[in-house]
2 protein chains.
Amino acid sequence: MKLFQPLTIRSMTLPNRLVVPAMVTRLSGEDGFVNNDIRDRYMRFAKGGAGLVVLEAMAVHGSRSGPLLRLSGDEFMAGLRDLCAGMHDIGPGRVVPQIIHFLKIARSGWRQKVEDLSIAEIHAIPHAYAAAAERSVRCGFDGVELHMAHAYTLSSFLSRLNRRRDDYGGTLERRLRLPVEVVVAVRAAVGDQYPIGVRFDGEECIKGGYTVAEAQLIAYRLVRAGVDYVSISAGGKFEDAVPRAGEPLYPYTGYSGDRCMPGKSWPDGANRYLPAGIKSFLRKQGVAAPVIATGKINTPELAEEILGAGDADLIGMARPLLADPDWPRKVQAGRFDKVIRCCYANVCKARDERFQTVACFLWPKGSKQAPDSEDIVPPQWDRQLAASTQQGRVSLKWSAATDNEGVYGYDIWRAVGGEKFERIDAIPVPVTTYHDTATIKGLAYRYFVQAYDLAGNRSERSFVVEARVES
Amino acid sequence: MKLFQPLTIRSMTLPNRLVVPAMVTRLSGEDGFVNNDIRDRYMRFAKGGAGLVVLEAMAVHGSRSGPLLRLSGDEFMAGLRDLCAGMHDIGPGRVVPQIIHFLKIARSGWRQKVEDLSIAEIHAIPHAYAAAAERSVRCGFDGVELHMAHAYTLSSFLSRLNRRRDDYGGTLERRLRLPVEVVVAVRAAVGDQYPIGVRFDGEECIKGGYTVAEAQLIAYRLVRAGVDYVSISAGGKFEDAVPRAGEPLYPYTGYSGDRCMPGKSWPDGANRYLPAGIKSFLRKQGVAAPVIATGKINTPELAEEILGAGDADLIGMARPLLADPDWPRKVQAGRFDKVIRCCYANVCKARDERFQTVACFLWPKGSKQAPDSEDIVPPQWDRQLAASTQQGRVSLKWSAATDNEGVYGYDIWRAVGGEKFERIDAIPVPVTTYHDTATIKGLAYRYFVQAYDLAGNRSERSFVVEARVES
């Protein structure tokens, strides 16, 4: 499989093409230090076998914020160094921190904008990034990733909505000026061989925002300035965030937030045209920097298809690896059938929006981390499944399975018309019902359900039931 | 060319695959009758040779509105019958009206929602559509198109944001209930052989809206209910419209409006994945109904590519045919080089948003219609072009061309890096400067300019200039 071919980026060789993109956890304290929960989360990812784990965004500066890791001073290095060493010990993958600068926001709804920054404030930003990147080297990280995506400072400079009238706004080249200064400063701080990545939006997904047409140029300019890989996100902006009284504006709550983490209603690989467009432009211009695709990529088949088509060089999976950090090693062992599969309910996203610690909806209730079991005994059950239709929907009901360690959940599989079965959802225990509300009259729907345990062992499939809705 | 192959839809044979999608003109009065301006606009489209001209949305009911055609009573038929006959006389194409039901909106910002409608009000809607469709038959139109896109009544029922709790909301099948009732009523009114089309959104492009995954099912359900072709739009919703004090909310002013009519910053064919996804699903389910693609499709090459890839059966061009209604006959004659090309400045869209009559930015100032000239003498000039760079942009300046009938504008062509030249913009006279603000340091940009006259005759190309921006 292409997915398990190594890739070298300057001094760093990734054992495979799977990436854990930076994902907010809210597990750290406001002090910015690594704690046990953070450590457990990332050790789990490392153990799972991903080729590259990007640690969640950590601040390069001292601004107040909610729970957030920091790399803004030497005092934060010990915990990170220790975490990095532990991850290297337990897993085959490489580890890089994502480093971030953000502007101020207030509960009143006020937020600082790039237009508000003085030149002195702007000039401090490359220095802060460079100092944090240099700490990244000293921590033993294999590279460093610069956060230029979503609603944060560098993304807001890149934005087509950057209204500055000086050298840092207006034309595309001027919107790029600060991000390029950051890259140049970071390169000077880390030396020639240290990998520098950038995560940025392939499309802003807001009114008047940039699209892949400019993202191609942004990628090219950043790579020419010294970046070694580009990781492509989308949306996640303040401009369309939904205000909530008494809370600071949160940039993943609007349409652009949906596009950043496409949920159930989106097709698989919804954003792949962004890395595809960017990679194609880079290659035409003779630039070989690897491109990371993300956005609802869940199966080995889709990942292989994207790599095979040349739409990306690396596959980022955030929510799928949150649901099951062992995805890489299970798939490498030919056991995708043992993967606990993300159902894109976006409960993780909703928890983040409510400023709660980020956990997976599928994990056992109250768990702070994904379960870790080596059990090989699958759940047992009587395979009974019943379907009924009412109010334009299909309702399924099945009997509960049993397991030596505990049943974890049920995958729902569906075939529409004469098509093949696809797994459409997952339901955690103890629920044994499912309602399919996206069914239409005139098509036959067939379903089966399959139980899985904490290790991902699957039960036999239930009997297949067929349903037709009436209007 | 595939573009010029005929296509039969029930009793209607289109001579080619080019469609003028329904486009607001604001040329009618509030009385709803056809006037001379409306007549001129559509006669011009008919003469240009498009295979299908869809007349702008006309109301099936009597609600007050701004300038809008109506088909809500027999009194409106004479003007439409006459227009239809005229279009049949002057052009090869077929003609269908788009018929619409909309909810009430007020300058206060209030708008009626689908949740506000009583069952009696809902039941009146299929009757109104059926009566209007039956008038369409009597007017001599070749078919009828039902408006189920954007922010209007049927689209709002289809929406994932439809919050009705009765038979007309909730599940997808119930969201489809009224649209299906409309199709069934219209089919009963027009008979078996009369073509019925539907225009609807392939993606709502708003937070929580549906995506192509449900649009596939919507298309299937509507076709099974009696629809003969589906025309795929995107966005254009109230939910993200930008409020303006003292004006009713207008549904094309937000991000979803950008997606509906993608402007300069968007890649060509930005929405083609929507008809592609829908058509692919229909064909898998054994449904042969033609699918119309729209959204920044401008060149014969792209149109052929879309048809050749099977992503659509028909190509809708709104803004390109507004700019030059003769696009079809010029291209059929092998003279794309004589087409006045839309530059996607979206001045037409901005005029509509300001409730002004819709005209093309490229037309001679004050014109109500596209120019119509058979002149064959191209503009003459000295081919001088100069480039300068400052503030991260490239500025071009050229000497004015002259022409026997009048120079109309200049096409701007650009080659990025070593790539081939692409035409990137058009500048109407008397301007002879252009500023390229999407340029970056590190790439070479080459440009030339070409003048065109009212008939689209091109001058010789200017000399090529090369520029490199500094940051």
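All values reported here derive from a predicted model rather than from experimental measurement.

Caption draft 1: Molecular detail of the overall build of chain A. Looking only at helices and strands, one finds 13 helices and 19 strands in chain A. Taking 2.2 N^0.38 as the reference for a compact globule, 471 residues should give roughly 23 Å; the C-alpha atoms of chain A span a radius of gyration of 23 Å, in line with that estimate. In terms of principal-axis extent, the alpha carbons of chain A reach across some 70 × 50 × 50 Å. Long-range contacts, defined as pairs at least 24 residues apart, comprise 70% of the intrachain contacts of chain A with a sequence gap of at least 6.

Caption draft 2: Fine view of the interface of chain A and chain B. Contact with chain A, which involves 49 residues of that partner, is made by 50 residues of chain B. Each partner contributes to the roughly 3800 Å² buried at the junction of chain A and chain B, and carbon and sulfur atoms together form 59% of this total. Three residues, A:Lys207, A:Tyr255 and A:Ile440, lead the burial of chain A against chain B; their summed loss comes to 16% of the area buried on that side. Across the contact surface, chain A and chain B share four salt bridges. Among the salt bridges present, the one from B:Lys284 reaches A:Glu419, with a minimum N-O distance of 3.9 Å. For the interface between chain A and chain B, the tally reads 20 residue pairs in polar contact (both at pLDDT 80 or more). Among the elements of the structure, α5 (172-175), α7 (212-225), α8 (255-260) and α9 (273-284) of chain A are those that each provide at least two residues to the side of chain A that touches chain B. The biggest single contributor to the side of chain A that touches chain B is α7(A), with six residues. For the side of chain A that touches chain B, the residue count by class is 18 nonpolar, 16 polar and 15 charged.

Caption draft 3: Spotlight on the relation of the copies chain A and chain B. Its rotation angle being 180°, the transformation that places chain A on chain B also includes 0.0 Å of axial translation and leaves an RMSD of 0.0 Å. The two molecules are tied by a two-fold rotation axis, judged by turn and shift. A high fraction, 100%, of the interface residues of chain A reappear at the interface in chain B, so the copies pair face to face through one surface.

Caption draft 4: View of the nonpolar core. Of all hydrophobic cores here, the largest spans 262 residues; its most connected members are A:Phe200 and B:Phe200. Not counting residues within four places of it along the chain, the set of residues in contact with B:Phe200 comprises B:Met148, B:Ala149, B:Leu158, B:Tyr210, B:Ala215, B:Ile218, B:Ala219, B:Val230, B:Ser231, B:Ile232, B:Ser233 and B:Ile278.

Caption draft 5: Expanded view of the packing of helix α7 (residues 212-225) of chain B against helix α9 (residues 273-284) of chain B. All names here are of chain B. Here α7 crosses α9 at 50°, and the two axes come no closer than 9 Å. Considering their axes alone, α7 and α9 lie oblique with respect to each other. The handedness of the crossing between α7 and α9 is right-handed. In contact with Val212, Ala215, Gln216, Leu217, Ala219 and Tyr220 of α7, α9 contributes Tyr273, Leu274, Gly277, Ile278, Phe281 and Leu282.

Caption draft 6: Geometry of the packing of helix α6 (residues 177-190) of chain A against α7(A). All names here are of chain A. Close contact between α6 and α7 brings their axes to 9 Å; oriented N to C, the two are set at 30°. Between α6 and α7, the crossing angle belongs to the class labelled roughly parallel. Crossing angle aside, the handedness with which α6 passes α7 is right-handed. Mapping the contact onto sequence places Pro179, Val180, Val183 and Val184 in α6 and Arg221, Leu222 and Ala225 in α7.

Caption draft 7: Molecular detail of the domain arrangement of chain A. All names here are of chain A. Domain boundaries assigned for chain A yield domain 1 (2-353) and domain 2 (385-468). With centres defined by C-alpha atoms, the gap from domain 1 to domain 2 works out at 35 Å. Of the residues lining the interface, 10 residues belong to domain 1; the matching set on domain 2 comes to 12 residues. For the pair domain 1 and domain 2, the two sides together bury roughly 820 Å², of which 42% comes from carbon and sulfur.

Caption draft 8: Highlighting the environment of B:Ala50. Residues and elements named next belong to chain B. Relative to the assigned elements, Ala50 resides in the loop between α1 (36-48) and β4 (52-59). Taking the C-alpha atoms as reference points, Ala50 and Arg17, 33 residues apart in sequence, are found 7.8 Å from one another. Ignoring any residue separated from it by four or fewer positions in sequence, one finds Ala50 in contact with Asn16, Leu18, Val20, Phe45, Gly93, Leu321 and Pro328.

Caption draft 9: Examining the side chain of A:Arg175 more closely. All names here are of chain A. Here Arg175 shows up in helix α5. Note on Arg175: relative accessible area 3%, which makes it buried. Among the polar contacts made by the side chain of Arg175, one reaches the main-chain carbonyl oxygen of Leu158 at a distance of 2.8 Å. With sequence-adjacent residues up to four places away left out, Arg175 is seen in contact with Phe157, Leu158, Ser159, Arg160, Asn162, Tyr168, Gly169, Gly170, Tyr210 and Glu214.

Caption draft 10: Quick peek at the packing of aromatic side chains. Residue and element names in this part refer to chain B. The full count for this structure, using the stated rule, is 27 aromatic pairs over all chains. Look at Trp398 and Tyr410: their rings are 5.3 Å apart centre to centre, the planes differ by 55°, and that puts the pair in the tilted class. Residue Trp398 is located in strand β13 (residues 393-398), and its partner Tyr410 is located in strand β14 (residues 407-416); the two are separated by 12 residues in the primary sequence. The pair formed by Trp398 and Tyr410 is uniform in burial state, with each residue classed as buried.

Caption draft 11: Region of the structure containing the confidence of the model for chain A. The predicted model of chain A averages 96 in pLDDT, with 100% of residues at 70 or higher. ipTM for the predicted complex: 0.96, alongside a pTM of 0.97.

Caption draft 12: Just helix α3 (residues 119-139) of chain B, in detail. Residues and elements named next belong to chain B. The first and last C-alpha atoms of α3 sit 31 Å apart over 21 residues, in line with the 30 Å expected at 1.5 Å per residue. Every buried residue belonging to α3 is among Ile122, Ile125, Pro126, Ala128, Tyr129, Ala130, Ala132, Ala133, Arg135, Ser136 and Cys139, and all of these are buried. Buried residues along α3 sit in contact with α2 (77-90), β6 (94-100), β7 (144-148), α4 (153-158) and α6 (177-190).

Caption draft 13: Spatial organisation of the sheet that holds strand β16 (residues 433-436) of chain A. Residue and element names in this part refer to chain A. The three strands are arranged β12-β13-β16 in an open sheet whose pairing can be described as antiparallel. In this open sheet, the two edge strands, each paired with only one partner strand, are β12 (385-390) and β16. Adjacent strand axes in the sheet meet at a mean angle of 20° when their direction is disregarded. Bridge count between strand β13 (residues 393-398) and β16: four bridges; the pairing is antiparallel. Across the sheet, residue Lys397 finds its bridge partner in β16, namely Thr433.

Caption draft 14: Geometry of α6(B). All names here are of chain B. Taking 1.5 Å per residue as the helical rise, α6 with its 14 residues ought to reach 20 Å, and the 20 Å between its terminal C-alpha atoms agrees with that figure. Those residues of α6 lying buried are Leu178, Pro179, Val180, Val182, Val183, Val186, Arg187 and Val190. Buried residues in α6 make contact with α3, β7, α4, α5 (172-175), β8 (196-201) and α7.

Caption draft 15: A look at the sheet that holds β13(B). Residue and element names in this part refer to chain B. Read across the sheet, three strands follow the order β12-β13-β16 without closing on themselves; strand pairing throughout is antiparallel. The open sheet has two edge strands, β12 (385-390) and β16 (433-436), and neither has a second partner. In this sheet, neighbouring strand axes are inclined to one another by 20° on average, regardless of whether the strands run parallel or antiparallel.

Caption draft 16: Structural view of the pattern of salt bridges. Inspection of the entire model under this criterion finds 76 salt bridges over all chains. Linking A:Arg26 and A:Asp352 is a salt bridge whose minimum nitrogen-to-oxygen distance equals 2.9 Å. One end of the pair, A:Arg26, is in the loop between β3 (18-20) and α1 (36-48); the other, A:Asp352, is in helix α13 (residues 347-353), with 326 residues separating them in the sequence. Judged by its relative accessible area of 11%, A:Arg26 falls in the buried class. Judged by relative accessible area, which is 5%, A:Asp352 ranks as buried. The shortest N-O distance in the salt bridge between B:Arg138 and B:Glu134 comes to 2.8 Å. Of this pair, B:Arg138 and B:Glu134 are both found in helix α3, four residues apart, which corresponds to roughly one turn of the helix.

Caption draft 17: Main features of unusual backbone geometry. Residue A:Pro430 follows A:Val429 across a cis peptide bond; omega there is 5°. If you check the backbone angles, A:Asn346 has positive phi at about 60° while not being a glycine. Mapped onto the elements, A:Asn346 comes out in the loop between α12 (327-332) and α13. The phi angle at B:Arg10 is positive, at roughly 50°, despite the residue not being glycine. Relative to the assigned elements, B:Arg10 resides in the loop between β1 (7-9) and β2 (12-14).

Criteria and thresholds
Residues numbered from 1 in each chain as written. Chains lettered and ligands numbered in written order. Predicted model: local features only at pLDDT ≥ 70, side-chain atom pairs only at ≥ 80, totals over all residues. Heavy atoms only, no water. Helix = DSSP H or I, 4+ residues; strand = E, 2+ residues; numbered from the N terminus. Rg over C-alpha atoms; globule rule 2.2 N^0.38 Å. Contact = heavy atoms within 4.5 Å. Buried area = accessible area lost by both parts, 1.4 Å probe. Salt bridge = Lys/Arg side-chain N within 4 Å of Asp/Glu carboxyl O. Polar contact = N/O pair within 3.5 Å; in protein donor to acceptor, adjacent residues only side chain to side chain. Nonpolar A, V, L, I, M, F, W, Y, C, P; charged D, E, K, R; others polar. Least-squares fit on C-alpha atoms with pLDDT ≥ 70 in both. Core = buried A, V, L, I, M, F, W, Y, C linked by side-chain atoms within 4.5 Å. Buried < 20%, exposed > 50% of the residue type's maximum accessible area, 1.4 Å probe, protein only. Axes fitted to C-alpha atoms, helices over the stretch in contact; angles between N-to-C directions. Parallel < 35°, antiparallel > 145°, perpendicular 65-115°, else oblique. Left-handed = near helix turned anticlockwise from the far one by under 90°. Domains from an automatic or database assignment. Phe/Tyr/Trp six-rings, centres within 6.5 Å; stacked < 30°, edge-to-face > 60°. pLDDT = per-residue confidence, 0-100. Expected span 1.5 Å × (residues − 1). Pairing = 2+ DSSP bridges.

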